[in-house]
Amino acid sequence: MEISIRWIGTERPHGDRDASDVTNAYKVVDNGREFTVTYRSHRHGGNLGLAGQQGFLYTDADTDTVRRQVIGVGRSCGVSIEADEAVEGLSPWAIRGVIMAERSRQTREITITAGTREAGPGQPLVLVDGEVSDLQKYL
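Given the structure is predicted, the values throughout are model-derived calculations rather than measurements.

Analysis parameters
- Residues numbered from 1 in each chain as written.
- Predicted model: local features only at pLDDT ≥ 70, side-chain atom pairs only at ≥ 80, totals over all residues.
- Heavy atoms only, no water.
- Helix = DSSP H or I, 4+ residues; strand = E, 2+ residues; numbered from the N terminus.
- Buried < 20%, exposed > 50% of the residue type's maximum accessible area, 1.4 Å probe, protein only.
- Contact = heavy atoms within 4.5 Å.
- Areas by Shrake-Rupley, 256 points an atom, 1.4 Å probe, with all protein chains shown as cover.
- pLDDT = per-residue confidence, 0-100.
- Pairing = 2+ DSSP bridges.
- Axes fitted to C-alpha atoms, helices over the stretch in contact; angles between N-to-C directions.
- Phe/Tyr/Trp six-rings, centres within 6.5 Å; stacked < 30°, edge-to-face > 60°.
- Lys NZ or Arg CZ within 6 Å of the ring centre and 35° of its normal.
- Polar contact = N/O pair within 3.5 Å; in protein donor to acceptor, adjacent residues only side chain to side chain.

For the rest of this paragraph, the subject is the overall build of the protein. Looking only at helices and strands, the protein has one helix and 10 strands in total. By residue count, 38% of the 139 residues in the protein fall in the buried class. Taking contacts inside the protein between residues at least 6 apart in sequence as the whole, the part at least 24 apart equals 37%. About 8,600 Å² of surface is accessible on the protein, with carbon and sulfur atoms providing 44% of the total.

This part covers the confidence of the model for the protein. This prediction gives the protein a mean pLDDT of 87; 88% of its residues lie at or above 70. The lowest-confidence element of the protein is strand 10 (residues 131–133), averaging 83 in pLDDT; the highest-confidence one is strand 5 (residues 56–60), averaging 96.

This part is about the sheet that holds strand 2 (residues 22–30). Ordered by their spatial adjacency, seven strands build an open sheet running 4-3-2-1-8-9-10, and the pairing between neighbours is antiparallel. Every other strand in the sheet has two partners, leaving strand 4 (45–50) and strand 10 as the edge strands with one partner each. Strand after strand, the sheet turns through a mean of 30° between neighbouring axes, direction not considered. Bridge count between strand 1 (residues 2–11) and strand 8 (residues 110–113): four bridges; the pairing is antiparallel. Bridged to Glu2 within strand 8 is Thr113. Packing of helix 1 (residues 92–104) onto the sheet brings it into contact with strand 1, strand 2, strand 3 (33–42), strand 4, strand 8, strand 9 (125–128) and strand 10, and relative to strand 2 it is tilted by some 140°.

Before going further, it helps to spend a moment on the packing of aromatic side chains. The tally for this structure, following the rule as stated, stands at one aromatic pair. Across the ring face of Trp93, the terminal group of Arg96 is positioned such that the distance to the ring centre comes to 4.4 Å.

For the rest of this paragraph, the subject is the environment of Arg33. The topology assignment puts Arg33 in strand 3. By relative accessible area, Arg33 is classed as partly exposed at 43%. The sequence separation of Arg33 and Leu90 amounts to 57 residues, and the corresponding C-alpha distance is 7.8 Å. When near neighbours in sequence (up to four residues on either side) are disregarded, Arg33 contacts Val28, Glu88 and Gly89. Among the polar contacts listed, one links the side chain of Arg33 to the backbone oxygen of Glu88, at a separation of 3.1 Å.

With that out of the way, let us pick up the environment of Tyr39. Mapped onto the secondary structure, Tyr39 falls in strand 3. Ignoring sequence-local partners within four residues, the contact set of Tyr39 consists of Val22, Thr23, Asn24, Tyr26, Gly46, Asn47, Leu48 and Glu102.

A few words now on the pairing of strand 5. In this structure, strand 5 lies alongside strand 6 (residues 65–73), joined through five bridges in antiparallel fashion. The residue of strand 6 that forms the bridge with Leu57 is Arg68. Connecting strand 5 to the next strand, strand 6, in antiparallel fashion are four residues, including Asp64 with a positive phi near 55°.

What follows deals with the environment of Val22. By the element assignment, Val22 lies in strand 2. Counting along the chain gives 21 residues from Val22 to Arg43, while the straight-line C-alpha distance between them is 9.8 Å. Leaving out residues up to four positions away in the same chain, Val22 has contacts with Thr10, Glu11, Arg12, Tyr39, Arg40 and Ser41.

Spelled out as structure tokens, the structure:
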């Protein structure tokens, strides 16, 4: 496993520096496959998505996959799930790394590699610009 995450920019949709609606974009390379993952924060919370695609990302613990879900609002104000599909090549560890970057305001490169004795059993090694970091304190 080799995952690289780097902040690539911020967008404020309404141009207001004090607005709570902010989208940060991260370039994620997960085992050679490249994604642009966005984190949109607003006064009611936040969500992860893929740049240029509708919906939000979530991790499915049962299948150990990342999924993209699109929700629609019907005419009678009911909510329906229009799509719920696996994102091939994007791992839950990559999503955790983006959350770490977002919560720590990290703009340097985050690298997640297969576990070592330093990381503990079943845990990957997380490096921020080559220095060991603790992913768990941000999740």
